[in-house]
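Structural description and commentary
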Amino acid sequence: MLYYNLKNEKVTAGFTDAVENGISPDMGLFMPERIPQPDSGFFRRLPQMSLPEIAMEIGPLYTGDEIPMSVMRQICEEAFNFPVILRRLDDHRQVLELFHGPTAAFKDFGARFMAGCFRYFSSRDDRRRVVLVATSGDTGGAIASSFLGAEAIDIIILYPSGKVSALQENQLTTLGSNITAIEVEGTFDDCQAMVKSALAARVAGAKVKLASANSINIARLIPQTFYYYFAIGHAGGGKVISVPSGNFGNITAAAIAWRSGLDISSLVAATNVNRTVPDYLRTGTFRPAPSVATIANAMDVGNPGNFDRLRRVFDNDYSRFSGAVSGYWFDDDTIREHIGEVYGRTGYILDPHGAVASLGLDAFLEHNRGSSGIFVATAHPAKFKRIVEPVIGREVEVPESIRGFLTGRKLSVQMKPSSAELAGYLYERYGRG
Ligand SMILES: *Cc1c(COP(=O)(O)O)cnc(C)c1O
């Protein structure tokens, strides 16, 4: 399988290069040259298949011969060693719970599969990998937990000081080992700019290989398709799927699975007040805006990084895109009220992100009577105790996996928002490569 660059479709890369580079030198996103079509036998067997089994069949369609079958099996078994749960709430609504991994958010799927790929790449040569990540919260924790203890791979995570939650900060700063957290006295955008400039300054043939693990890495997108096969396999076909969206990677994965032959009837792009895509669907004009802070903060994105990919899945055709995807957006008051309403009616506890998806599904079903659907819950409500508990009037139990992160000794490197400082740090630590 080859991957082309969305900025220049003539430039292609194999799976390994697309993953290790993350993004092309001209900042273009990689996209598979065609969407693989599993055979009809796969779809017939789907209702009986577990997530790792699905992963082992779909994964190789994307990696071709660049990852041997036995390695792929190991990557999938190790990456997806926690449950995915599809729960029925009533006759028309099911919830796909993607928050049972080690950091209690769906980013574990992408991060753990990508980490497995990097471990394999690094086992094939004797170069140390240094993986740089800028995070506004959840991504860094998922990456840190996925790469912890990986041999010959160092993880360096940049996060904006004072702008992530205490739990998130502990997930970045308390693991130690091969995980280094750099606390930047600036914004997430500063962190991202620092990572970009370090990558741009890479020297070919250096002893240390600098890589990036940002959210647009294709090795994070591919595994996000797996759970859509699982959900439709277990729920039956013809369902609408509502995805809580920020950078639009998760819904792009759903769209890719759909176009590979999966029986999805429609997609809902559900957002908080960062409504760039719902507005695009209504008007046909894509107008990125500065991000606005909300209680569903992992979706506070005004310029979704995966939008071009999603548009490409629908052949850059607005009418095809808007015929397949409906957009709805919701403000904080509506999200809070919905968490309370659903809890009162069913006893089910939503986190703010899952609540946005649930609201999106409700809005769709309202306009399409008789349909039924699945909404995606991306984070455990215990990660948002301070928002959820006052609304439902009871305590939310914290899952075992993240309980350890409520305490712990924080270790971080303080840094000014300066690319030169990061370059100096890397030089100090690794020499001139
Ligand atoms: C990252 C994240 C999202 C948004 O997913 P995208 O792929 O960026 O659209 C939604 N919910 C949670 C909890 C997240 O961490």
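Now for the environment of Arg 320. By secondary structure assignment, the location of Arg 320 is in helix 13 (residues 318–324). Using a relative accessible area of 41% as the deciding quantity, one classes Arg 320 as partly exposed. When sequence neighbours within four positions are dropped, the list of residues in contact with Arg 320 reads Arg 259, Phe 314 and Asp 315.

All right, on to helix 10 (residues 249–259) then. Extensive coverage of helix 10 is indicated by the burial of nine of its eleven residues. Buried residues of helix 10: Gly 249, Asn 250, Ile 251, Thr 252, Ala 253, Ala 254, Ala 255, Ile 256 and Ala 257, and no others. One or two residues past the end of helix 10 sits Gly 261, with phi positive at roughly 115°.

A separate point is the site of the ligand. In the vicinity of the ligand there are 15 residues, among which Lys 107, Gly 246, Asn 247, Phe 248 and Thr 378 approach most closely. Between the ligand and Lys 107, the relevant distance is 2.5 Å, taken from an oxygen atom to a side-chain nitrogen or oxygen of the residue. Starting from 380 Å² of accessible surface for the ligand in isolation, the protein chains cover 95%. Taken together, the residues of the shell around the ligand break down into six nonpolar, seven polar and two charged.

The space that makes up the second largest pocket amounts to roughly 610 Å³. Lining the second largest pocket are 25 residues; nearest its centre among them are Ala 201, Arg 202, Val 203, Ala 206 and Leu 210. When contributions to the lining of the second largest pocket are tallied by element, the ones reaching two or more residues are helix 1 (15–21), helix 8 (188–200), strand 9 (208–212) and helix 18 (419–430). In terms of residue count, the dominant contributor to the lining of the second largest pocket is helix 18 (six residues).

Position of Arg 128 among the secondary structure elements: in strand 6 (residues 128–134). Between the C-alpha atoms of Arg 128 and Tyr 430, which are 302 residues apart in sequence, the distance is 9.8 Å. When neighbours within four sequence positions are excluded, Arg 128 is seen to be in contact with Ala 152, Ile 153, Asp 154, Lys 207, Val 208, Lys 209 and Tyr 430. There is a polar contact of 2.9 Å between the side chain of Arg 128 and the side chain of Asp 154.

Here we take up the sheet that holds strand 14 (residues 413–415). Judged by pairing direction, the sheet is parallel, and its five strands sit side by side in the order 9-6-7-8-14 without closing on themselves. Taken across any chain shown, the strands that pair with only one partner, and hence form the sheet edges, are strand 9 and strand 14. In this sheet, neighbouring strand axes are inclined to one another by 25° on average, regardless of whether the strands run parallel or antiparallel. As defined by bridge partners, strand 8 (residues 179–184) adjoins strand 14 across three bridges and the pair is classed as parallel. Bridging across to strand 14, Glu 183 finds its partner in Gln 414. On the sheet, helix 6 (residues 138–147) packs against strand 6, strand 7 (153–160) and strand 8 and is oriented at approximately 165° with respect to strand 7. The strands touched by helix 18 within the sheet are strand 6, strand 7, strand 8, strand 9 and strand 14, with strand 7 carrying the most contacts at an inclination of about 155°.

What counts as what
- Residues numbered from 1 in each chain as written.
- Predicted model: local features only at pLDDT ≥ 70, side-chain atom pairs only at ≥ 80, totals over all residues.
- Heavy atoms only, no water.
- Helix = DSSP H or I, 4+ residues; strand = E, 2+ residues; numbered from the N terminus.
- Buried < 20%, exposed > 50% of the residue type's maximum accessible area, 1.4 Å probe, protein only.
- Contact = heavy atoms within 4.5 Å.
- Near = heavy atom within 4 Å.
- Polar contact = N/O pair within 3.5 Å; in protein donor to acceptor, adjacent residues only side chain to side chain.
- Areas by Shrake-Rupley, 256 points an atom, 1.4 Å probe, with all protein chains shown as cover.
- Nonpolar A, V, L, I, M, F, W, Y, C, P; charged D, E, K, R; others polar.
- 1 Å grid on protein atoms, 1.4 Å probe; cavity = no way out; pocket = protein on both sides within 12 Å on 5 of 7 lines; lining within 4 Å.
- Points joined across faces, edges and corners; volume = space filled by probe spheres on them.
- Pairing = 2+ DSSP bridges.
- Axes fitted to C-alpha atoms, helices over the stretch in contact; angles between N-to-C directions.

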